[in-house]
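Read off the chains here:
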Amino acid sequence: MPQADISELIGKTFTSIEGMESGSDEIRFQDSSDDGYIFFHQQNCCERVSVYEVIGDPADLVGSPILRAEERSSDEDPAGYQVPAYRESYTWTFYEFATIKGSEFPDQWTLFGNHHDAWVHGADDPLSGVSAQLETARSLATLTRQGWKPKRTILLCSWDAEEYGLVGSTEWAEDNAAMLKKAVAYLNIDSAVTGAAFGASGTASLRDVLRDVVDLVPEPKQGGTVGALWAQRQKASWAQSTPVNLGGANKEFDLQLSRLGSGSDYTVFLDALGIPSTDLGFSGSYGVYHSVYDNFRWMSLYGDPEFIYHQAAARVMGLLAMRIASADIAPLRFGGYARALGDDGAMLQHAGRAQHHGEADQEPCCCPGHVTHLSLSLNSRLSRCRSSGATS
């Protein structure tokens, strides 16, 4: 191969391969410059690791870019360059999708997603969510065979590479951003079960439909419904953290979803594409996160020995997907959104005053009263549409 600046090889692609027979000491890759072949030898690659163990099938490199190139120092080798065999920057990711096409609004999407990759065994993270998702898929398939159809399209998504930086869902959503412009909601489940305490985070516009759903799901052990016990726990926590106003009316409890930030596959849908999203599950004592001990033994002894909260998680997610996909008008409600925004604004102003040690109040970071007026007006219009039978 003609001598040239070795940096010129970086970014070019492999176009053909020779010397691929099993056990070969040498494999030659032709790069896209057509100047010749780039050689590497097994003994120069990695100690005690064969070429095939390091890179798999060399044929997979065709069409891939050259990431590194090194001059060969051995006097016994012909002049040329060595391309290291290890390619840690590249691997395959796998997604699985199942679609139930909407009968009336097929271009409006309700997405229900979870990832299937784990750091080790992943009995809770993500397999408790996977099992709930698969049970939901089985139930929806049974309904469709019996003739049921959602009005909006339901897309079940199983992501890869979540643990390695939310890569799978993020890349897919960015590639399909145009299609997702009419997505109604993204429903996420991940660590679905580590105990018995239900909790939900999400966009405030999804609060009302989620509350309706969990009020229908029986609590497996304590009786009543999942929703009733959730509200009871949330109210007790709120009462402990909310000061009593001795000089006026006290604030009333208003059940809200916790705020979503990042940490699971909802991130790209909410933070990049602005799609209403939620994430939920049943929690408890959990000291095995991302470890080898997050396994079936832990789950069967401590997390959910009877696997009854896995069943409850599937019921919640299945009903939630069906409610959103089957409603005449997408069940997004904004009165609670305005109150949540007002609470967040007040919290930020309080934090600002504390940081400035009593300095003059800053300008309000939002105008909750105006947002409340607009949201109530929108809710009123939605109610009139439902009464008149409009479905747009």
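Cut-off values and rules
- Residues numbered from 1 in each chain as written.
- Predicted model: local features only at pLDDT ≥ 70, side-chain atom pairs only at ≥ 80, totals over all residues.
- Heavy atoms only, no water.
- Axes fitted to C-alpha atoms, helices over the stretch in contact; angles between N-to-C directions.
- Helix = DSSP H or I, 4+ residues; strand = E, 2+ residues; numbered from the N terminus.
- Parallel < 35°, antiparallel > 145°, perpendicular 65-115°, else oblique.
- Left-handed = near helix turned anticlockwise from the far one by under 90°.
- Contact = heavy atoms within 4.5 Å.
- Nonpolar A, V, L, I, M, F, W, Y, C, P; charged D, E, K, R; others polar.
- Pairing = 2+ DSSP bridges.
- Patch = residues over 30% accessible without salt bridge, like charges linked within 9 Å, V, L, I, M, F, W, Y side chains within 5 Å.
- Areas by Shrake-Rupley, 256 points an atom, 1.4 Å probe, with all protein chains shown as cover.
- Salt bridge = Lys/Arg side-chain N within 4 Å of Asp/Glu carboxyl O.
- Buried < 20%, exposed > 50% of the residue type's maximum accessible area, 1.4 Å probe, protein only.
- Right-handed = clockwise from strand over helix to strand, strands pointing away.

Caption draft 1: Inspection of the packing of helix α4 (residues 207-214) against helix α8 (residues 308-326) at higher detail. Relative orientation of the contacting elements α4 and α8 amounts to 130 degrees, with a least axis distance of 9 Å. Relative to α8, α4 is oriented oblique. Pair α4 / α8 crosses with right-handed handedness. Between α4 and α8, the contacting residues are V209, L210, D212, V213 and V214 on the first element and V316, L319, L320, R323 and I324 on the second. In terms of residue class, the contact of α4 with α8 is built from eight nonpolar, no polar and two charged.

Caption draft 2: Region of the structure containing the sheet that holds strand β11 (residues 277-283). Taken in spatial order, the six strands line up as β6-β8-β7-β9-β11-β10 in an open sheet, and their pairing is mixed. At either end of the open sheet lies a strand with only one pairing partner, and these are β6 (96-100) and β10 (197-202). Neighbouring strand axes in the sheet, compared pairwise and without regard to direction, differ in orientation by 20 degrees on average. Note: strand β7 (residues 105-115) against strand β9 (residues 183-193), five bridges, orientation parallel. Bridging from a neighbouring strand, W109 pairs with A183 of β9.

Caption draft 3: Layout of a nonpolar patch on the surface. A cluster of nonpolar side chains, namely W119, V120, Y164, V167, V292 and Y293, defines an oily patch on the protein surface of about 660 Å² accessible area. By the element assignment, Y293 lies in the loop between β11 and α7 (296-303). In this structure Y293 comes out as exposed when scored by relative accessible area, which is 59%.

Caption draft 4: Examining the pairing of strand β8 (residues 152-159) more closely. Counting buried positions along β8 gives eight out of eight residues, so the element sits mostly inside the fold. Taken together, the five bridges between β6 and β8 define a ladder with antiparallel strand orientation. When the sheet's bridge partners are listed, I100 is paired in β8 with I154. Pairing between β7 and β8: eight bridges, direction parallel. Residue pairing in the sheet places G113 in a bridge with C157 of β8. With helix α2 (residues 127-145) bridging β7 and its parallel neighbour β8, the resulting β-α-β unit is right-handed.

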